[in-house]
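Residues per chain, in single letters:
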Amino acid sequence: MTDTTARPVLLQMRDIRIEGRSDETWTPIINGVDLTLHKGEVLGLIGESGAGKSTLGLAAMGFTRDGVRISGGSITFDGIDLVNASAEQKRQLLGKRIAYVAQSAAASFNPAHKLIDQHAEAPVAHGTATRAEAEEDGIELYRKLRLPNPDEIGFRYPHQVSGGQLQRAMVAMAMSCRPDLIIFDEPTTALDVTTQIEVLAAIRHIVAEFDTAAIYITHDLAVVAQMADRIKVLLRGDEVEESDTRSMLEQPQEDYTKSLWAVREFQRPDKPPPAVDATPVISVQGITAAYGKIDVLHDVSFDIHAGRTVAVVGESGSGKSTAARVITGLLPPRVGQVELDGETLPLDYRKRSKDQLRQVQMIYQMADTALNPRKTIGEIIGRPVQFYMGLRGRRKRDRVAELLDQIELPPETYLDRLPSELSGGQKQRIGIARALAAEPRFIICDEVTSALDQLVAEGILRLLARLQDELGLSYMFITHDLATVRSIADEVVVMKDGRVVEQGPKPEMFRPPHHPYTDLLLSSVPEMDPDWLTNLLKERGVDDIGDASADKI
Amino acid sequence: MSVWTMILIALVAIAVAAWVGRFVGRRATGNAPRFRDMPYAVAFGYAFVLALLVWAVWYYLQPAVTEAGAPVAGVTFFRWAVHALIVFAIAAFLFRLLGRHVGTSATRKLFRHMPLTAAFGVLVILVYAILAIFAPLIAPYGQAVVFDQVNALPGGNPATGGNPAHPLGTDQIGRDLLSRLIYGAQNTVGIAFVTTLLAFVLGGSLGFLAAVLRGWFDQLMSRAVDVLMAIPSLIFALLLMTIASAWATQSWMLTVYMVFIIAVIDSTRVFRLSRAVGMNIVVMDYIEAAKLRGEGLGYLIFREILPNAYAPLLAEFGLRFCFVFLTIASLSFLGVGIQPPLADWGTMVRDLAQFINFAAFSPLTAALPIMAAGAIALLTVAVNFVVDWMLHRSSGLKE
Amino acid sequence: MIIAQRLALGVLTLIVVSMVIFGAVSMLPGDFAEAILGQGATPQAVAAIRRDLGLDEPAILRYFSWLGDTLRGDLGVSYAQMNFQSNMGGGDNLRTVASQIAPRFANTMFLAGVTACIAVPFAVGLGILAALFRNSAFDKAANVSTLSSISSPEFFLAYILILFLAVLNPVLPSLSNIYEGMTLSERLEKTLLPALTLTLVVTAHMMRMTRAAIINLLASPYIEMARLKGVSPMRVIVRHALPNALAPIINVVALNLAYLITGVVVVEVVFVYPGIGQLFVDSVKNRDIPVVQACCLIFAAAYILLNLTADILSILSNPRLRHPK
């Protein structure tokens, strides 16, 4: 990473203000942000959801979505005023000199046309190449991006190609006219970690090769650390700070930035291992379960002891949520059994006693769908209190207030609110309170933090840890995020394709030697070190990362 | 010169005007983005609307009576239409203004964001409701009272064959048309409302039950509904009415049969919707949480699912009501719906239809069948406006 | 494979629908024989006709023989005709239901065809325009006028059109007396007013649905991607939106043609158009059961067929199904 700030300025945004239309009025999205990008430079834009990163990224192309407008400021791209340019002038730039890579490649490729047709469209329309040249160049780019079967893959339709490959094909498409600037809008957010790393390596390689300037938008600090020369932090439409990647990581100036960094540091002390003869709270024994006729879990066994957290990790489709459904009784397994405190539980939840149901509670990923939008907080938490404990009237109200205190929300302000009046983190806390109201021994946390911004997620993790210590709860923590595992788990179960690949106490699991899949999974999680990807590629080689490596296992 | 040549010339003129207008606009504003980025199609649209407005004003100002004293029906009708539109718009505007300042804070807030069309819809529905409920008090005579003078012309002027006691005249057996028009609100709207309610109770309860129970009950009900929906509803209603007419020994019984027949046919559509709405809610995590808690079926349906289904069901109720209302009106118009002596608008349109040929001599007489048909159209338009706004609002909230 | 499945399902639906129609008719009180001969009939005469019509057989057998006859194109004999015959004492030129329906069916198809020719391009064009210029004054005006048109009963629109195009400005005839031997232009002239009425109703539905489908489509990320590639607006529509819009538009058109079938009944009555809809209504009033049954079956079959076509065409135009993995 050389110093790029000495090179000529490519894109200049001054005091840019953007508004969005909601309920017949214009509300500000971006309140006056400056941005300067030099030739060949990669700028990382980071911020939580609602920070206005994508809007700002699109504005850098002179483009706004429907119901959004640029209300002030100037955007100059290589001497061209993008705010006042005519539609025709802007069209001449788009695709040719400024290109865009969207978050979801699966949705951003037109399902009706082959990849190569879509690839060749921009060069032919802008007259930079003939159709045949564009196709040939496309195949060359596919090869550079290490797509399998580069000669043939372009002649497929989008739905015939996997997500990670599509994302790389879209990077190739953005490169088709060799633009001066590419906007990457969360290009790896929708991908699994092992796939993400491949795409990251491809993007970094090709951007460097063609000396393209880029704006890289993401909410993931570790990702942006690998990609960007400089980083700009946004918070609700305002710039927080900007500096080059290394100094930003080493000495953030603003409190908000520091707090983002600090999230990564939360880690619970290791607990002593459980007694050898202790009865586990939940014991999953030899479960094989199927949806319809297809087995999705194969001989899965693990134990969860009192007061401990077992993290179940794996990528999408690994069967971790299915395991939770088996434990709750929603999906009776074909073979195997589940024990609660040494007693076998009926396999179907409808056959379990009220007390057995009470002992196993669940917290969901999407707090929006987990709380009935038509009920007040008091009703939501009060129902299990009444249902299981038989409390009514005053005593029920007192208990609900006590629970709200436990999740750090003042009862008097929240009792009569509806879920829609709460923030994402507050909703998730209500979900926790509802589970606690049953006074359970064991709680399943299904990706509880993955829909939340990092700071909020951190708060939830701390709350769960505190509750565990106070109440002696056991958690089964389903997640795909290894940073979360590192901060909260006592034991780790790694799953792949419905099987347990490896399991053990956390300290052991984060120390080699590993099962090759665990190894791949662990090595694929980006770290805050800006040299991490470079070192990893040096260590493993470009052919031993991502899907290419997973296929070998 | 034929009509077509004139239309062609007008279109060419508009096309030229559009081009010139855009060009002048660009020059005059120094290439402001508004004119610079305007596609030709948009410019043409503006020019077209402008031409239409000019024509409308010109036509409105034409004399409504020839020098010989004969009415010019076209101009008369056009003026009526313009006046009606203006009166409706003003009424809706005033009504919305009223709504913004009177009532609880919730209704005031509702009116603040209400488009004029929706305010118009609410106003019309209120007026119809009042007419329907207080018809006996408002109507000058009973709906079945027969007077001596048959076929009295509207207008109330004895010189032109009218009768001041019957401002809209009398029908072919001497019943007062104004009274029958007002009673029509009670009968047509009332019967349609009851039918829709019945369809909702039937279709809604079965639909939610199917969504919650799933399994064979859902399969059975859904397949049965598929079959019933494979027959166009008006055709099916006509077939069943044929059979019902053989069973009915008295005319009021046929009306009752009709209510049940249409309710059953329409409940299939309600079933589909409530099942779909129910399914969307049933897959929510809060339902799973309630199931895992060990809650019973009644609690699930009434406490967890129903409160979340009110909004789409209410909108559907509006649409279903329109559909039922139109079906009943059509059946009556075809002569197999609401039976005399009950006054209803569909039958009135059929009975008065031939008056339309008098348009050239007496516009008011020709307006009679249009008035009865318009009474039907006005209510359905009003309900649709309100439903459209409700749907727009609920989809806006989701974003 | 999926298409074969749909076809089979369509046939099955048709069979079940025919059962429902047959079953509904057999719910009639008394039976056909009494209905034909009226109340003054002697028991012997009733029994004779009952035997003639096979009414003494069990319902299931009668259903199958009726179904078999229907498939062979034999729809039976109209009661009105039979009654006429029994009163007038014989005669061999008995008109069957099939011969009665056939010309009228052709007339109705002609009306529906003319309507479709006007309405489909008009509605789809307007729908696309409204979607492209959504939230503009044009879109809002279109919204209000189509909503009003949908809400109005067919006879309201019909009489308004008669008032303006037949009575006040005698451009078109208000009665559609169509007979054999007319030239095509004469026929068209007589059909135009009912066709215009149906057009108003169907266009409104079709346009709203087209608009919704296109707006849905224009919101998809790949359209934004095409714009961000600097593709011209025209090309975005033609190359990126239309291929994907085909399936929803075809669906909309077929659904609305199916809807047309219901609308045809009222409009034919208003304009005294000699189509199957009018025959149906007349037979309903006269309780001419074989004709009612036959018309009902024809309407249902057309309805099912059109819905099936919509289904199959939209499957065919889906690239995911045309190019499987």
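Everything quoted here is computed from the prediction, not taken from an experiment. For every chain, the first residue of the written sequence is number 1, and numbering continues from 1 onward in sequence order. Written order determines the labels here, with chains lettered from A and ligands numbered from 1. Given that the model is predicted, a residue must reach a pLDDT of at least 70 before its local features are reported, and side-chain atom pairs must reach 80 or more before they are shown or counted; all residues, however, enter totals for whole chains, interfaces and linings.

Asks: How should the interface of chain B and chain C be read in this particular structure?
Replies: The extent of an interface is frequently quoted as the accessible surface area lost upon association of the parts. Our contact criterion uses C-beta atoms placed from the backbone: two residues qualify when those atoms are within 7 Å. Listed by partner, the interface residues are 47 residues for chain B and 42 residues for chain C. Ten residues, namely Ala, Val, Leu, Ile, Met, Phe, Trp, Tyr, Cys and Pro, are considered nonpolar, four, namely Asp, Glu, Lys and Arg, are considered charged, and the remaining ones, Gly among them, are considered polar. Of the residues assigned to the side of chain B that touches chain C, the class counts are 33 nonpolar, 12 polar and 2 charged.

Asks: Would you mind going over the nonpolar core with me for this structure?
Replies: Across soluble globular proteins, nonpolar side chains show a tendency to be buried alongside one another. Ranked by internal contacts, the top residues of the largest apolar core, which has 252 residues, are A:Val312, A:Cys445, A:Phe477, B:Ala237, B:Met241, C:Tyr159 and C:Ala300. Top element by residues in this core is helix α15 (residues 363-398) of chain B. It accounts for 18 residues. Beyond its immediate chain neighbours, meaning those up to four positions away, A:Cys445 contacts A:Ile363, A:Leu464, A:Tyr475, A:Met476, A:Phe477 and A:Ile478. Put simply, a nonpolar core is buried Ala, Val, Leu, Ile, Met, Phe, Trp, Tyr and Cys residues tied into one set by C-beta atoms within 7 Å. Residues with at least 20 neighbouring C-beta atoms inside 10 Å of their own are called buried, those with 12 or fewer are called exposed, and the rest are partly exposed, where every C-beta is derived from the backbone. Helix and strand assignments follow DSSP, with helices taken as H or I runs no shorter than four residues and strands as E runs no shorter than two, numbered in order from the N terminus.

Asks: Quick question: what am I supposed to make of helix α12 (residues 320-328) of chain A here?
Replies: Given 3.6 residues per turn, any residue in an α-helix points the same way as the ones three and four places further on. Residues and elements named next belong to chain A. Buried residues dominate α12, accounting for 7 of its 9 residues. Looking at α12, one finds that the buried residues are Lys 320, Thr 322, Ala 323, Arg 325, Val 326, Ile 327 and Thr 328. Count one or two residues on from α12 and you reach Gly 329, which has phi positive near 95 degrees.

Asks: I tried to follow the confidence of the model for chain C on my own but got confused; where do I start?
Replies: Should the pLDDT be low somewhere, the predicted coordinates at that spot are not to be read in detail. All names here are of chain C. pLDDT expresses how confident the predictor is about each individual residue, on a scale running from 0 to 100. The pLDDT averaged across chain C works out to 80; a share of 85% of its residues lies at or above 70. Per-residue pLDDT, averaged within each element of chain C, yields its smallest value for helix α5 (residues 79-88) (56) and its largest for helix α10 (residues 221-228) (88). Contacts from residues 88-93, a stretch scored under 50 in pLDDT, to residues over four places away or in other chains number 2 contacts. Confidence metrics for the complex model read pTM 0.82 and ipTM 0.84.

Asks: Where do I start with the sheet that holds strand β11 (residues 282-291) of chain A in this structure?
Replies: The strands making up a sheet associate through hydrogen bonds between their backbones, and the pairing can be parallel or antiparallel. Residue and element names in this part refer to chain A. By the convention used here, strands pair only if DSSP detects at least 2 bridges between them. Spatial ordering of the open sheet is given by β12-β11-β14-β15, a layout of 4 strands whose pairing is antiparallel. The sheet terminates laterally at β12 (294-304) and β15 (343-344), the two strands that pair on one side only. Helix axes are fitted to C-alpha atoms over the stretch in contact, other axes to C-alpha atoms as well, and angles between N-to-C directions run from 0 to 180 degrees. Seen against the sheet, α12 touches β11, β12 and β14 (335-340) and runs at an angle of roughly 110 degrees to β11.

Asks: Help me understand the pairing of β12(A) in this model?
Replies: Both faces of the sheet carry side chains from a regular strand, because those side chains alternate between them. All names here are of chain A. Here β11 runs beside β12; their pairing, made up of 7 bridges, is antiparallel. In the sheet register, Ser 283 faces β12, and the bridge partner there is Asp 303. The antiparallel pairing of β11 with β12 creates a hairpin that spans 2 residues between the two strands, and Gly 292 there sits at a positive phi of about 65 degrees.

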